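Geometric and topological summary
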Amino acid sequence: MTSAGPTFAGLWRELERIGRDPHTGGYRRYSWTPADTACRTWFTGQAERRGLAVETDNNGNLWAWWGPKKPGAIVTGSHLDSVPNGGAFDGPLGVVSALAAVDLLKDRSFSPERSVVLAALTEEEGARFGVPCLGSRLLTGAVDPNAARVLTDDAGTTLADAMVAAGHDPGFLGPRDDLLGGIAAFVELHVEQGRALAPQGAVLGLAEGIWPHGRWRFEFGGRADHAGTARLTDRRDPMLPYAATALAARQAAEQNAAVATFGKVIVEPNGTNAVPSVVRAWLDARAADEATVGETVTTVRSAAERFCEQYGVTLSVRQESFTPLVRFDAALRDRIAGTLAAAGFSAPVLPTGAGHDAGVLAARVPTAMLFVRNPTGISHSPAEHADLADCEAGVRALAAVLEDLAG
Ligand code: GLV
Ligand code: MN
Ligand code: MN
């Protein structure tokens, strides 16, 4: 069998330079920024070098066709955007592995019966505009294009303006039933997020499903004042109910066997010697079932209301996104498991608490996910890692899967 090594490692070295912070080693590849544009340009160039026809759809998703644009396509890929100071693997591993798998198949003179399409979907992390999997949600119609256009980043720039600045027309955002209707299967290869594979001695895993999850924006409104002169009893300090609510979220998660995280906080005016006027904080909540997510969020919200009353602070809470429970296509997973077994891989089937475009697309097309072992399990951090040998195994596995599905 041809080694995927040189191809994968060479591609990886090229992409890993883009958007990396030299001090932390983390990535900031927010959608429609110069780093994102550089990633898109790199992907387009690599796909075209392989003779693939690349197009950007109306929602900003990239599709590189190996074979004619006809129904029944087998799509593989992931995303190129990142969380703030993210790892190198979350997203790019699936895109680079897709390119390397094409090389492997071409080396074997494989000629696909069905077209193979490599995809790089937009704003998967929701790091800039707040709604994760925005590209796939727009594609499937899970997000209203008018609502999407006016989403803002932390600087107040709308998605529409950001797309225009990057040279894309936001006027045509919206569902693409024609595109979705032409996809026979979508397979996303992704770095493992969590540490289930290493203890089992497995290099690869297959996704069973995705926990339901969502994001809620809590705004605690108080009154700015002088940190030295305002008497404690006179203050309306929104930091206090926020801090108490963050602890309540941890407690609610523990009680409900859920996870709940306040990972993003914006404080105004953000001065050391000023009582804040506003604390904006985003709650990310996930659990094995939707009712538990709902109960967890209700508990956190009630706690926030109580603390706000205690400290004379106002509260508003808004749900920004929600992804229901996802169960991936069992027949496709079984077929892939058979292909992997024939290629010498045993791949445990795992649930995950991480969101993915594959989860959004699963509502419309048969979808599967392949995980590549992450030895520490750490993700959304510069410490995220997968060994080169495991990445190369992932490429060989993906090539075997594409050969089977498209052959
Ligand atoms: C994306 O990685 C998410 O799970 O939020
Ligand atoms: Mn991620
Ligand atoms: Mn991802």
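Please refer to the structure placed before this passage.
Attention in this report is confined to the structure presented alongside it. (Residues numbered from 1 in each chain as written. Chains lettered and ligands numbered in written order. Predicted model: local features only at pLDDT ≥ 70, side-chain atom pairs only at ≥ 80, totals over all residues. Heavy atoms only, no water.)

1. Let's talk about the packing of aromatic side chains
Counted according to the given criterion, the structure contains 8 aromatic pairs. Taking 6.3 Å as the distance between ring centres and 25 degrees as the angle between the ring planes, the aromatic pair formed by F218 and F220 counts as stacked. The exposure class assigned to F218 is buried, which follows from its relative accessible area of 0%. Among the aromatic residues, those joined into a cluster by ring pairs are F218, F220, Y242 and F262. The aromatic ring of W282 is capped on one face by K264, whose charged end is 4.6 Å from the ring centroid. (Phe/Tyr/Trp six-rings, centres within 6.5 Å; stacked < 30°, edge-to-face > 60°. Buried < 20%, exposed > 50% of the residue type's maximum accessible area, 1.4 Å probe, protein only. Lys NZ or Arg CZ within 6 Å of the ring centre and 35° of its normal.)

2. Details of the coordination of the manganese ion (ligand 3)
Protein-derived ligands of the manganese ion (ligand 3) are H79 (NE2), D90 (OD) and H190 (NE2), with the metal-ligand distances lying across 2.0 to 2.2 Å. In primary-sequence terms, the residues that donate to the manganese ion (ligand 3) follow H-x10-D-x99-H. Between the manganese ion (ligand 3) and the manganese ion (ligand 2) the interatomic distance amounts to 3.7 Å, and D90 serves as a bridging ligand to the pair. Taken together, the positions of H79 in strand β3 (residues 73-79) and H190 in strand β5 (residues 183-191) put the pair 111 residues apart, joining distant regions of the chain. In this structure H79 comes out as buried when scored by relative accessible area, which is 0%. (Donors = N, O, S within 2.8 Å, 3.2 Å for Na, K, Ca; no water. Helix = DSSP H or I, 4+ residues; strand = E, 2+ residues; numbered from the N terminus.)

3. Overview of the side chain of N374
Of note, N374 is situated in the loop between β15 (367-372) and α13 (388-406). Within the local environment of N374, its side chain forms a polar contact with the backbone oxygen of I378, the two atoms lying 2.8 Å apart. Beyond its immediate stretch of four places on either side in the chain, N374 contacts V191, E192, G194, R195, E384 and H385. (Polar contact = N/O pair within 3.5 Å; in protein donor to acceptor, adjacent residues only side chain to side chain. Contact = heavy atoms within 4.5 Å.)

4. What about the coordination of the manganese ion (ligand 2)?
Those donors, D90 (OD), E125 (OE), E125 (OE) and H380 (NE2), are the protein atoms that reach the manganese ion (ligand 2), and they lie 2.0 to 2.6 Å from it. Going along the chain, you hit the donors of the manganese ion (ligand 2) in the pattern D-x34-E-x254-H.

5. Considering the pairing of strand β6 (residues 204-210)
For β6, the buried fraction is high: 6 of the 7 residues fall into the buried class. Where β6 lies against strand β14 (residues 349-352), 4 bridges are found, and the strand directions are parallel. Note that in β14 the partner of L206 across the bridge is V349. Pairing analysis gives 2 bridges linking β6 to strand β13 (residues 326-327), with the strands arranged antiparallel. Residue pairing in the sheet places I210 in a bridge with V326 of β13. (Pairing = 2+ DSSP bridges.)

6. Considering unusual backbone geometry
Between E268 and P269 the backbone carries a cis peptide bond, its omega angle lying at 0 degrees. Within the secondary structure, P269 sits in the loop between β9 (259-268) and β10 (274-275). The backbone of N85 shows a phi angle near 55 degrees, a positive value even though the residue is not glycine. Here N85 lies in the loop between β3 and α3 (92-107). One non-glycine residue, S109, lies in the positive phi region at around 60 degrees. Positionally, S109 belongs in the loop between α3 and β4 (116-121).

7. Some points on the site of ligand 1
Taken together, the neighbourhood of ligand 1 is formed by E125, R286, A354, G355 and H380. In this structure, E125 approaches ligand 1 through a side-chain N or O atom, which is 3.0 Å from an oxygen atom. One of the side-chain N or O atoms of R286 is found 2.8 Å from an oxygen atom in ligand 1. (Near = heavy atom within 4 Å.)

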